[in-house]
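Descriptive analysis of the structure
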Amino acid sequence: MSRIDALLSAMTIEEKIGQLNMVASTRAVTGPGDIREDDGSIRAGRIGSVLNLWGASDVRRAQRLAVKESRLGIPLLICHDVIHGHRTIFPVPLAEACAFDPHLWEKTARVAAQEASEDGITLTFAPMLDIGRDPRWGRIVEGPGEDPWVASQIARAKTIGYQGSDLASRQCIAATAKHFGAYGAVTAGREYASAEVSERTLREIYLPAFAAAIEAGVAAIMPAFNDIAGMPMTINAALLQGELRERLSFEGVVISDYNAIAELLNHGVARDIVEAASLALKAGVDIDMTSNAYLEGLPVALSRGLISIEEINASVRRVLILKERLGLFENPDRSAPPAVVTDATRHERRSLSREAARRSIVLLTNKDGILPLLNDIQRLALIGPLVDAREPMLGSWASAGHEEPILSISDGLRQALPTCHINVVSGVTIDGEGRKAIDEARACAQKAQVIILCIGENAEMSGEAASRVDIGLPGEQQALAQAMLSLGKPVIALLTSGRPLVAPWLFERADAVLATWSLGSEAGAAIADVVLGRFNPGGKLPVSWPRHVGQAPLYYSQRPTGRPTQVGVHYSSCYIDSPATPQFPFGHGLSYSVFTLHDLVCKTPLIKLNDRLQICVSVRNESAEAGEATIFFFIRDLVASVARPVLELKGVQKLYLEAGKCENIVWSLPARELAFVGQNLESVIEAGDFQIFVGQSAAPESLIVECFKVIL
Ligand code: GLC
């Protein structure tokens, strides 16, 4: 008899339900309610996993209670949101997506897993795979951006990065793909609101990344808080059973979101905690995160026949299998002995954070090539509420990053320019509530050769429960920036944020603007590297950047409509008070190099189902600066049984080119990747004419095109 069969036969009902109960430690708060872990409950086997607990001694103490002082000695799952780093913090996920580099994404996840594991964590609630097309939604910061193909690449890279090849290794932790089901489509970008998406959009846009994570072996899935068309994801059996378990063959653990099972009463789909618990278990939720619903409700549900012991056993078995795969029965305290992190390792991790940060910076505008600044600059004015800020550099979900050094923007520039006179004035507070010192800022800026504006959001202005209706610069920052812009001096703007910020006036008037997001522990150093030309920026936007919040939700892969958007055409899909195009398109990002594309050739003008589309294109670096080009491959299905988007991303390639050099890129795509969700909501490939677009962003004017035909 296997260990798990033996445990299942020995466990009482209470002990079985205890394995399905996750409670929060007092170390950090990531949701409402006050249910916390306690020694007695662990000893009694009423707790199977703990979240927001880390640190070798705390974890060892909790595991000792579970393993040495409970009847069956089943170890705990120790879980935490290691979203973009644990102690060494990397760029927030939306920023790191700008690198368009799966190797980088995997590497940072691997280091995050190592640091988390050293602190005794065995499972992270990441990667967050929610497609984000509405920058009013605060959690756009936490996700992969607007595109399902990019999201699927991130899903694969992060799952492999966190989990490695052997979950029992101390270098690895279990990953949780979250939040299953269109959380990014909340109505009006309002946090936790209903998502009204069609079945087709759900399957084409919101679910593919979860399929990719499952294909990569992700250990757990977390359903979203929201309902989709009235069905809360926590009890959405059609998706949790039908899609996840049956169609995608997911065999791992489903963990509810924070207090979500109890909140089914607020959704109005359960009369009491007993009903909530039985609906969630039957829908396929294995672990109840912090709502106590399973502990309180399942015994009664069982006695009333609302659920069966077989259903409880199935969930307990999945939890025990995960604990076994993590090696917890042999080595419950994976942080022991406390890992000795050498200075060399610490330095390597910080260097990776700086590299990831450099790669995540997007150069949005750069008039007359004012950047990079000359390194012999003598007088700089850093103006804005983020000049010395450290927490905003970490962004939301910064885990234990606050316990480690954080490089602010002024730290980075001072280290990089030791002889330059760098004067710093915040000018206004980030929320506009504090003292306004615009005159002081003006006086400081007058003495400078160049003004660097350090403006944007703090860490609480994006992330969970941080939706904004006005996605411009908070507080009095616009007034401060306009005062600086009126001085007639060169102005470089650094935008720290967790979302695209609407500021057309800034992009119009500043000499250069960089999206520096929240770049993590080494933010200041990476920003200085780019501003001073020690790193040639190559970041590309994974989201369309709106001109106005009224454009949200905004994304490049729009369906054409019967009256496609045409500038100046009255009867076309547009607005009368703004261009319909984004401020900056998906994929936008300047470099200090200048790349051009030439000689696009489709080598396979006619392909069948089992063929591959073969494309060749030349890329030339027209500048004197070596740099990395990012080339996007989009397709368009011109006529199909369902209206298809004007562009669909199917591939990205990066190419490092020395000054003046030209190289060919060959890119191929299996014809099966041209499938889409047909009229019957099943995946179909149809014969017909297609276009292949190649460019450095989704901007129509930047694309070169060739045609090909699919025959079946
Ligand atoms: C939060 C988030 C979820 C997170 C969990 C645990 O409410 O929605 O993403 O993993 O609770 O902190």
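On to helix H15 (residues 343-360), then. For H15, built from 18 residues, the straight-helix expectation of 26 Å at 1.5 Å per residue is met to within 8% by its first-to-last C-alpha distance of 26 Å. Burial in H15 covers these residues: Arg 349, Arg 350, Leu 352, Ser 353, Ala 356, Ala 357, Arg 358, Arg 359 and Ser 360.

One can describe the packing of helix H1 (residues 3-10) onto helix H14 (residues 309-325) by two numbers: an axis separation of 10 Å at closest approach and a directional angle of 135°. In terms of orientation, H1 lies oblique with respect to H14. Considering how the two elements wind past one another, H1 and H14 form a crossing that is right-handed. Along its contact with H1, which presents Arg 3, Ile 4, Asp 5, Leu 7 and Leu 8, the element H14 presents Asn 313, Val 316, Arg 317, Leu 320, Ile 321 and Glu 324.

Between the first and last C-alpha of helix H6 (residues 102-118) there are 24 Å, a value that for 17 residues agrees with the 24 Å anticipated at 1.5 Å per step. Among the residues of H6, Leu 104, Trp 105, Thr 108, Ala 109, Val 111, Ala 112, Ala 113, Gln 114, Glu 115, Ala 116 and Ser 117 are the ones counted as buried. In this fold, the buried residues of H6 make contact with helix H5 (93-96), helix H7 (148-163) and H15. With a side-chain oxygen positioned 2.9 Å from the backbone nitrogen of His 103, the residue opening H6 is Asp 101.

In the neighbourhood of the ligand, 14 residues make up the surrounding shell, with Thr 30, Asp 81, Lys 178, His 179 and Asp 257 lying closest. Measuring from an oxygen atom of the ligand, one finds a side-chain N or O atom of Arg 139 at 2.8 Å. For the ligand, an oxygen atom lies 3.0 Å from a polar atom in the side chain of Glu 464. Computed on the free molecule, the ligand has an accessible area of 310 Å², of which 100% lies beneath the protein chains in the complex. Here the ligand occupies the second largest cavity. When the residues that make up the shell around the ligand are grouped by side-chain class, the tally is seven nonpolar, two polar and five charged.

Calculation criteria
- Residues numbered from 1 in each chain as written.
- Predicted model: local features only at pLDDT ≥ 70, side-chain atom pairs only at ≥ 80, totals over all residues.
- Heavy atoms only, no water.
- Helix = DSSP H or I, 4+ residues; strand = E, 2+ residues; numbered from the N terminus.
- Expected span 1.5 Å × (residues − 1).
- Buried < 20%, exposed > 50% of the residue type's maximum accessible area, 1.4 Å probe, protein only.
- Axes fitted to C-alpha atoms, helices over the stretch in contact; angles between N-to-C directions.
- Parallel < 35°, antiparallel > 145°, perpendicular 65-115°, else oblique.
- Left-handed = near helix turned anticlockwise from the far one by under 90°.
- Contact = heavy atoms within 4.5 Å.
- Polar contact = N/O pair within 3.5 Å; in protein donor to acceptor, adjacent residues only side chain to side chain.
- Near = heavy atom within 4 Å.
- Areas by Shrake-Rupley, 256 points an atom, 1.4 Å probe, with all protein chains shown as cover.
- 1 Å grid on protein atoms, 1.4 Å probe; cavity = no way out; pocket = protein on both sides within 12 Å on 5 of 7 lines; lining within 4 Å.
- Sits in = over half its atoms within 2 Å of the grid points.
- Nonpolar A, V, L, I, M, F, W, Y, C, P; charged D, E, K, R; others polar.

In short, geometric facts, not functional conclusions.
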